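Letter by letter, the chains look like this.
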Amino acid sequence: MKHVTKVDGRRQPFDPGKVQRTLRNMGVGAEDAERIAHEIEESVPDGVKTKTVLRMIRTRARTVRPAAAHRTNLRRALGLLRSKPDFEEFVRILLREHGYRVETGCVLAGLCGEHEVDAIAQKDGTTIFVEVKHHASHHRVTGLDEGRIARAIVEDLQEGFRSGRCTVSIDSALIVCNTKLSEHAKRYATCRGIGHIGWDYPEEQNLRAMIEKTQSYPITIVTGVGRSVSARLAAAGVVTAKQVAYGDAAAIAHDAGIPLKEVLLIADRARAILEP
């Protein structure tokens, strides 16, 4: 059995299924993804670095789906967004794509104090407040503190509602982050009834799965869109690839202060990523 070496030096078995999922997320068909995964597994040495495998995946993906050349790594793309307001707005858009009614700019009065939350979201008769946590490095781990703080806020808001100070009845909290969660954070959130969406947690409704299901990619998924350009686009209200792919390019260029030619190029690449 061959192994791969992760960024932190840990070794784990080579997983062809993970390679196939990465290829599928790049728009590669199932048959080609399976074939390429097998070819990569056969060709790499034992202990190969994960970044080398990813580079091979991208190279092979381009041969069967040229649009893959216009797409960067999703985890890296999320890290390129500014924490405030870009990633916060991205999360609000993502939740709307998944059927939530989302309000922004919310300050809620608890029994003991006021709390500014990133959003209030409602779905299936449940009302939650949303806290967004963003790390520029996707190798960081989101720990326990966010869950403990959210739990305290939930209690204060619920007591505030019962006392008449808070006009919104909050059922729980939802923490959304772009990184993996520590095991301690997962256990605490489960025990305390705090919702948590991380890069790969929970298993089915995690951040990666939610983005892929609705193709709600951040604008930084497009190659060539770094922090500077994405910040200008965000100032114009554009934080997703969909917005620039199907929006008014001239208006976006004007509002963002970016040459129309550059916006059109980004839009073309975004459509190539989004469309089969």
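Residues numbered from 1 in each chain as written. Predicted model: local features only at pLDDT ≥ 70, side-chain atom pairs only at ≥ 80, totals over all residues. Heavy atoms only, no water.

Per an unreviewed UniProt entry, the recorded name for the chain is Restriction endonuclease, and the organism is Methanoculleus nereidis.

### Thoughts on unusual backbone geometry
Geometrically, the link from Lys-84 to Pro-85 is a cis peptide bond, its omega value of 0° lying close to zero. With respect to the helices and strands, the residue Pro-85 is situated in helix H5 (residues 83-97). Note that the residue after Tyr-201, namely Pro-202, is joined by a cis bond; omega there is -5°. Relative to the helices and strands, Pro-202 resides in the loop between strand S12 (195-197) and helix H8 (207-214). Phi is positive for Gln-215, close to 55°, though the residue is something other than glycine. (Helix = DSSP H or I, 4+ residues; strand = E, 2+ residues; numbered from the N terminus.)

### A look at the sheet that holds strand S2 (residues 11-13)
Strand order in the open sheet made by the three strands is S2-S1-S3, with mixed pairing throughout. Here the strands that pair on one side only, and so sit at the sheet edges, are S2 and strand S3 (48-49). (Pairing = 2+ DSSP bridges.)

### Some details on the packing of aromatic side chains
This structure, assessed with the given rule, holds one aromatic pair. Each ring, one from Phe-87 and one from Phe-90, has its centre 6.2 Å from the other, and the planes form 25°; the classification is stacked. Note that Phe-87 and Phe-90 are positioned in helix H5 at a spacing of three residues, about one turn of the helix. Note on accessibility: Phe-87 and Phe-90 belong to one class, buried. (Phe/Tyr/Trp six-rings, centres within 6.5 Å; stacked < 30°, edge-to-face > 60°. Buried < 20%, exposed > 50% of the residue type's maximum accessible area, 1.4 Å probe, protein only.)

### Structural notes on the UniProt feature "domain: ATP-cone" (unreviewed entry) in the chain
Here the UniProt feature "domain: ATP-cone" (unreviewed entry) sits at residues 2-89. Counted over residues 2-89, helix gives 60% and strand 9%. Its end C-alpha atoms are 41 Å apart. (UniProt positions renumbered as here; feature names shortened; annotations may be inferred.)

### Looking at the state of the cysteines
Within this structure, the stated rule accounts for zero disulfides. With no disulfide partner, Cys-177 has as its closest neighbouring cysteine sulfur the one in Cys-191, 19 Å distant. Its relative accessible area of 66% is what places Cys-191 among the exposed residues. (Disulfide = S-S within 2.5 Å.)

### Digging into helix H3 (residues 50-64)
For H3, built from 15 residues, the straight-helix expectation of 21 Å at 1.5 Å per residue is met to within 8% by its first-to-last C-alpha distance of 22 Å. Of all the positions in H3, only Val-53, Ile-57, Arg-58 and Ala-61 are classed as buried. When H3 is viewed along its axis, its buried side chains cluster within an angular range of 140° and face the same direction. Counted as exposed and oriented over 90 degrees from the buried face of H3: Lys-51, Arg-55 and Thr-63. (Expected span 1.5 Å × (residues − 1). Arc of directions from axis to C-beta.)

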